[in-house]
Amino acid sequence: MNDAVLRIQNLNKRFGALHATKDVSFNVMPGEIHALIGPNGAGKSTLIAQIAGTLPPDSGTLWLDGQTLDDLSVAARARQGLGRSFQVSSLAESLSVRRNVMMAVQALQGTSFRFWTPVNSDTSLREPAEAVLEQMALSHRADTQVAELSHGERRQVEVACALALKPKVLLLDEPMAGLGPEGTAKLTTLLETLKHQVPILLIEHDMDAVFRLADRISVLVAGEVIAHGTSETIRNDPNVREAYLGDDHA
Amino acid sequence: MTQSHTLTATGLARTTRFRLDREGWISLSLLLILVVGATVAYLAGERFFVNLASRMVIIALAGVGLNLALGFGGMVSFGHAAYFGLGGYVAGIGAFHAFDMTPALGIPFLPNGSDQMIPLWLTAIALCGLLAYGIGRLSLGTSGVYFIMITLAFAQMIYYFAISWPTYGGEDGLPIYIRNQLWGLNTNNSLVFFFLCFGLLVLALSFCHRLLGSRFGAALTMARLNPIRLATSGVEPRPIKLMAFVISGMITGLAGALFADLNGFVGTSMLDWHRSGEIMVIVILGGVGRLYGPVAGAMLFVAMEFWLGGLTEYWQFFLGLVLLAVVLFARGGVFGLLAGRSRHE
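Read on for an overview of the structure. Predicted model, so just to flag it, every value in this text is computed and none were measured.

Describing the pairing of strand β8 (residues 200-203) of chain A
Working note: regular strand, side chains alternate between the two faces of the sheet.
Residues and elements named next belong to chain A.
Step number 1: Neither face of β8 is exposed, since I200 and L202 on one face and L201 and I203 on the opposite face are all buried.
Step number 2: Here strand β3 (residues 33-37) pairs with β8 via four bridges, running parallel. Bridging across to β8, I33 finds its partner in I200.
Step number 3: Bridge count for strand β7 (residues 169-173) against β8 is four bridges, and the pairing is parallel. From the neighbouring strand, L170 faces β8, where its bridge partner is I200.
Step number 4: In this fold, β7 hands off to helix α6 (residues 181-194), which returns the chain to β8; that crossover is right-handed.

Things to note about the side chain of T184 of chain A
Residues and elements named next belong to chain A.
Step number 1: Tracing the backbone through its elements, the reader meets T184 in helix α6.
Step number 2: T184 sits in the buried class, given a relative accessible area of 11%.
Step number 3: One polar contact links the side chain of T184 to the main-chain carbonyl oxygen of G180, over a distance of 2.8 Å.
Step number 4: Ignoring any residue separated from it by four or fewer positions in sequence, one finds T184 in contact with M176, L179 and D206.

Things to note about the nonpolar core
Step number 1: Ranked by internal contacts, the top residues of the largest apolar core, which has 151 residues, are L170 and L191 of chain A together with F194, L201 and V295 of chain B.
Step number 2: Here this core gets 16 residues from one element, more than from any other, and that element is helix α3 (residues 47-72) of chain B.
Step number 3: Of the residues that make up this core, three or more belong to each of domain 1 (1-81 + 167-250) and domain 2 (91-166) of chain A.
Step number 4: By size, the runner-up hydrophobic cluster in this structure holds 21 residues, among which are I8, I48, L62 and V169 of chain A.

A short note on the interface of chain B and chain A
Step number 1: Contacts between chain B and chain A engage 34 residues on the former and 42 residues on the latter.
Step number 2: Approximately 3,400 Å² of surface area, both sides summed, lies buried where chain B meets chain A, with 60% of it carried by carbon and sulfur atoms.
Step number 3: Seen at the junction of chain B and chain A, the total is three salt bridges.
Step number 4: Among the ionic pairs, E158 of chain A bridges to R229 of chain B, the shortest N-O distance being 3.1 Å.

Remarks on unusual backbone geometry
Step number 1: Even without being glycine, N10 of chain A reaches a positive phi, approximately 50°.
Step number 2: Within the secondary structure, N10 of chain A is located in strand β1 (residues 6-15).
Step number 3: For N10 of chain A, a relative accessible area of 36% translates into the label partly exposed.
Step number 4: With a phi close to 40°, W183 of chain B is a non-glycine residue in the positive phi region.
Step number 5: Within the secondary structure, W183 of chain B is located in the loop between β1 (174-175) and α7 (190-213).
Step number 6: Judged by its relative accessible area of 70%, W183 of chain B is exposed.

Thresholds applied
- Residues numbered from 1 in each chain as written.
- Chains lettered and ligands numbered in written order.
- Predicted model: local features only at pLDDT ≥ 70, side-chain atom pairs only at ≥ 80, totals over all residues.
- Heavy atoms only, no water.
- Buried < 20%, exposed > 50% of the residue type's maximum accessible area, 1.4 Å probe, protein only.
- Helix = DSSP H or I, 4+ residues; strand = E, 2+ residues; numbered from the N terminus.
- Pairing = 2+ DSSP bridges.
- Right-handed = clockwise from strand over helix to strand, strands pointing away.
- Polar contact = N/O pair within 3.5 Å; in protein donor to acceptor, adjacent residues only side chain to side chain.
- Contact = heavy atoms within 4.5 Å.
- Core = buried A, V, L, I, M, F, W, Y, C linked by side-chain atoms within 4.5 Å.
- Domains from an automatic or database assignment.
- Buried area = accessible area lost by both parts, 1.4 Å probe.
- Salt bridge = Lys/Arg side-chain N within 4 Å of Asp/Glu carboxyl O.

Shown next as structure tokens:
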């Protein structure tokens, strides 16, 4: 239990009468992909916002690598090692892929109040950014404007930005959404190799991908985690089948 | 090794100060027109036109300041007259006490007023930085229309404060009888004064160029384009924007000090919200977020003010038409029209 990279404990969030997050607890272990699934309106987005730091929970605690994240801003959480990608990718459209990734390298080095040295010729920023792009098989797109990229490539750039921060955990919000079968297959392969480098909390709709990738799955229904376990356990859990999967999935 | 060498080489080639592509040529031409224009006018004995060129340069400098916040930081400040005016009052009040040989602001512990430009400029820059820090800290919690309104409100507070302070002329303003001095230079000479202002403008432009290419500039660009991405990358957007806002106020304040010395007068008209609008207009006219945009904008603005203003007192109607045309048809402003779209890395 103490070895968990990301620990979420008794998280609660209410919006008036709606109990959007109900006593949610789970953890992400080193080397694993932990998937969080749930039907629409289950409170996944609310939960992600609380983990990422955009929405304060009413109660409960988050730990990243033994340190609490409570009261930390989005940027402070990122510096602590929480890398994330968005459901709708959020990048600087008019900048090149490299410049987007270089921003994260710069943040990792903690040096944004330097006013003189030009960044374009700064190899201490360029080289780490290019290394990450190579790992993501994006080297050939380094000079391309983000606005010209395909949907799938943007997802990859977001993951590259997150990786450049050398995160302790990756939070991926529906990375497969909107990707064709080919893109999904590519990303699946990538995530499979990536999990050995950094554990992943995967929020995903694509059931095939989840069952293929996830080491463990938590199922969120109406703000509450109704089941934890391996793909096999979740597949055969009658509550989950009733609430979410439907019989035809088995 | 070889690869990192070539990387550095191309990197250097890219950042060389005046790589003279089209944008570089246009920028250089604008500066040359000012220099040649002022010099020719001086030789022809037309002091008025030298001062007109100085006016262009000083208003351009104020615009360069605002452009850092508005164009590069995405902060639409409608209160930059506060810094312009404060800079002006520093020059005026300094000269006032130097003339009277009394301590600054009449407070006994303070040193006497000064008629030396360097200490006055430094004081103007420091005070405007402090003021911008205070206003920025309180305003940057808001965005959009609220940011516009709150910066306007702060500037108006300072405007009314100046009106109600009789020591320095209140509504009547404060004359500067003798232009402030700089070492052994004859600052009363219109061409000398022009080149002083011009030198500071070039300095400010080079400073901003360097700043925008730095790590800070990269963070500021990201804060404008996508603050969520910046925060997700681990950098707090607010301190970055606040720093840019402070530097912006400092540059505009320096322009204010020069403006007061140019006119031999500082009054509440320098703090008026019309003035904030005017600085904003020259930035938009010239090209928002283009380094040399305010230079083009100020030249066009002052030229129109002079020629159209001589023909009709309704010249601002035509200014409005031009502004409308720029906003509708030339988003990059006059500078964008001349130099083409801006390139992004």
